[in-house]
Amino acid sequence: MNLDDLFVPADPEVMERERLKAKELKRSAWWKSQIGRGVCHYCGSRVHPSELTMDHVVPVIRGGRSARDNLVPACQACNREKRCLSSSQWRIRVEEKRAAGGEGRS
Ligand SMILES: [Zn+2]
């Protein structure tokens, strides 16, 4: 049992507000420069900007906000994987990915 897997889901109204904020930030120059680097925040793979997704480091449902310090560009593989894992499992995976250097991935 892992403490950080226990959480109270965020209020639906709060989630909706954060989703809208994320949508707005997606159009910002700040976000364009984030994805413009073409690198996944988690695995370090080089990814075409159009393939990068906006990821909440702390998911909105866990109380994360749509703020610059909680939003990172993630490749679709990481995004999918992150959704399937608990936050503690995901942290371990990110360590593994970084140790592997993000090389040799398609
Ligand atoms: Zn990735």
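Residues numbered from 1 in each chain as written. Predicted model: local features only at pLDDT ≥ 70, side-chain atom pairs only at ≥ 80, totals over all residues. Heavy atoms only, no water.

Thoughts on helix H4 (residues 87-100)
Compared with the 20 Å implied by 1.5 Å per residue over 14 residues, the 20 Å span of H4 between its first and last C-alpha is a close match. Buried residues of H4: Ser88, Trp90, Val94 and Lys97, and no others. Tucked into the core, H4 has its buried residues touching helix H3 (76-84). Positive phi appears at Gly101, one or two residues downstream of H4, with a value of about 85°. (Helix = DSSP H or I, 4+ residues; strand = E, 2+ residues; numbered from the N terminus. Expected span 1.5 Å × (residues − 1). Buried < 20%, exposed > 50% of the residue type's maximum accessible area, 1.4 Å probe, protein only. Contact = heavy atoms within 4.5 Å.)

With respect to the pattern of salt bridges
A side chain with one charge may pair with a side chain of the opposite charge, provided their charged atoms come close. In the structure shown here, the tally under the stated rule is eight salt bridges. Notably, a salt bridge pairs Lys82 with Asp55, separated by 3.2 Å at the nearest N-O pair. Here Asp55 lies in strand E1 (residues 53-56) and Lys82 lies in helix H3, a separation of 27 residues in the sequence. Given a relative accessible area of 11%, Lys82 falls into the buried group. A salt bridge links Glu96 to Arg93; the nearest nitrogen and oxygen atoms lie 2.6 Å apart. Here Glu96 pairs with Arg93, and both are found in helix H4, just three residues apart, close to one helical turn. Classification of Glu96 as partly exposed rests on a relative accessible area of 41%. (Salt bridge = Lys/Arg side-chain N within 4 Å of Asp/Glu carboxyl O.)

Concerning the nonpolar core
Grouped together as the largest cluster of nonpolar side chains are 18 residues, with contacts concentrated most on Cys40, Tyr42, Met54, Cys75 and Cys78. The set of elements that each furnish at least two residues to this core consists of helix H1 (12-26), helix H2 (29-36), strand E2 (71-74) and H4. Non-local contacts of Met54, meaning those with residues more than four positions away in its chain, are made with Ala22, Leu25, Lys26, Trp31, Leu71, Val72 and Asn79. (Core = buried A, V, L, I, M, F, W, Y, C linked by side-chain atoms within 4.5 Å.)

Things to note about the side chain of Ser28
By the element assignment, Ser28 lies in the loop between H1 and H2. A residue is classified by how much of its surface remains accessible, and Ser28, at 16% relative accessible area, is buried. Reaching out from Ser28, the side chain makes a polar contact with the backbone oxygen of Leu25 at a distance of 2.6 Å. From its side chain, Ser28 meets the backbone nitrogen of Trp31 in a polar contact 3.2 Å long. (Polar contact = N/O pair within 3.5 Å; in protein donor to acceptor, adjacent residues only side chain to side chain.)

A word on H1
Its 15 residues place the ends of H1 21 Å apart at the C-alpha level, agreeing with the 21 Å of an ideal helix rising 1.5 Å per residue. Taken residue by residue, H1 has Met15, Glu18, Ala22 and Leu25 as its buried positions. All buried residues of H1 project into a common sector of 85° when viewed along the axis, lining one side. Exposed side of H1, more than 90 degrees from the buried face: Pro12, Glu13, Lys23 and Glu24 are the residues found there. Considering only its buried residues, H1 is in contact with H2, E1 and E2. Between the side-chain oxygen of the N-cap and the backbone nitrogen of Glu13 there are 3.0 Å, and the N-cap of H1 in question is Asp11. (Arc of directions from axis to C-beta.)

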